[in-house]
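The chain contents come next:
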Amino acid sequence: MFASSHRALKAYAEVGVETGVAAANPHKLILMLFEGAILAVAAAKMHMQRKETALRGEAVSKAIMIIDAGLKASLDLKAGGEMAGRLLALYDYMLGRLLYANLKVRPEPLDEVSHLLAELKSAWAAIGTTPAAAGHAAEPRAAALGQVRA
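Treat the numbers as computed from the prediction; the structure is a model and nothing was measured.

Conventions and cut-offs
- Residues numbered from 1 in each chain as written.
- Predicted model: local features only at pLDDT ≥ 70, side-chain atom pairs only at ≥ 80, totals over all residues.
- Heavy atoms only, no water.
- Helix = DSSP H or I, 4+ residues; strand = E, 2+ residues; numbered from the N terminus.
- Expected span 1.5 Å × (residues − 1).
- Bend = angle between axes of the 7 residues up to and from the residue.
- Polar contact = N/O pair within 3.5 Å; in protein donor to acceptor, adjacent residues only side chain to side chain.
- Buried < 20%, exposed > 50% of the residue type's maximum accessible area, 1.4 Å probe, protein only.
- Salt bridge = Lys/Arg side-chain N within 4 Å of Asp/Glu carboxyl O.
- Axes fitted to C-alpha atoms, helices over the stretch in contact; angles between N-to-C directions.
- Parallel < 35°, antiparallel > 145°, perpendicular 65-115°, else oblique.
- Left-handed = near helix turned anticlockwise from the far one by under 90°.
- Contact = heavy atoms within 4.5 Å.
- Nonpolar A, V, L, I, M, F, W, Y, C, P; charged D, E, K, R; others polar.

Undergrad: Tell me what's going on with helix α4 (residues 77-104), and back it up with residues and numbers.
TA: Under the 1.5 Å per step criterion, the end-to-end length of α4 is only 33 Å for 28 residues, more than 12% shorter than the ideal 40 Å. M83 marks the point of greatest bend in α4, at about 75°. For α4, the N-terminal capping position is held by D76, with its side-chain oxygen 3.2 Å away from the main-chain nitrogen of K78. Where α4 ends, the next residue or the one after it, V105, has phi of about 55°, a positive value.

Undergrad: Can you break down helix α3 (residues 53-72) residue by residue, with the values?
TA: Counted at 1.5 Å a residue, the expected span for α3 with its 20 residues is 28 Å, and the 27 Å between its end C-alpha atoms agrees. Residues of α3 that are buried: R56, G57, A59, V60, A63, I66, I67, G70 and L71.

Undergrad: So what's going on with the pattern of salt bridges? Residues and values would help.
TA: Pairing is possible between side chains that carry opposite charge, provided their charged atoms lie close to one another. Tallied over the full model, the rule gives seven salt bridges. Put simply, R97 and E112 hold a salt bridge, and the shortest N to O gap is 2.8 Å. One end of the pair, R97, is in helix α4; the other, E112, is in helix α5 (residues 107-129), and 15 residues separate them in sequence. Taking the shortest distance from any N to any O, the salt bridge between R106 and E108 comes out at 3.1 Å. In this structure, a network of salt bridges that share partners links the residues D68, K72 and D92.

Undergrad: Quick one: what's the story with unusual backbone geometry, residue by residue and with numbers?
TA: If you check the backbone angles, K51 has positive phi at about 60° while not being a glycine. Secondary-structure assignment places K51 in the loop between α2 (26-49) and α3. Phi angles above zero are rare outside glycine, and V105 is one such case at about 55°. If you trace the backbone, V105 turns up in the loop between α4 and α5.

Undergrad: So what's going on with the packing of α2 against α3? Residues and values would help.
TA: Taken N-terminus to C-terminus, the directions of α2 and α3 make an angle of 160°; their axes are 8 Å apart at the nearest point. On the basis of their axis angle, the class for α2 and α3 is roughly antiparallel. Both α2 and α3 take part in a crossing whose hand is left-handed. In this structure, α2 contributes I30, L33, F34, G36, A37, A40, V41, A43, A44, H47 and M48 to the contact, and α3 contributes L55, R56, A59, V60, K62, A63, I66, I67, G70 and L71. Taken together, the residues that form the contact of α2 with α3 break down as 16 nonpolar, three polar and two charged.

As structure tokens, then:
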């Protein structure tokens, strides 16, 4: 009985995420990527503490995929200029730290990556709350910062 309830809750959560993605603007999608990466890093740390090697590896792989195929891939290096280049380097650094944490079974790099992601998420969220200047939407300003590809 519990297993079927758990499956139902998991399916409901997946539908909620899919619906959120379908309805989200580019700014919200990036926030969702940050949230997903932060959750994956937290899961990796929990599995590390529990000595669950396979689950730790899966969680680290998920965080890497979100950062690499999501956040990093969304950078527009032409529109974002130097800022986009710095973000690219920071994402590459985070990827290296995640690999190191998994290989050496060290929680400190996970904490470091989690902190960096939280800082970037906070800054990204603040961009969305700033009033649009001269009638421009938040997404073009965000793209100018190098984060979102049009």
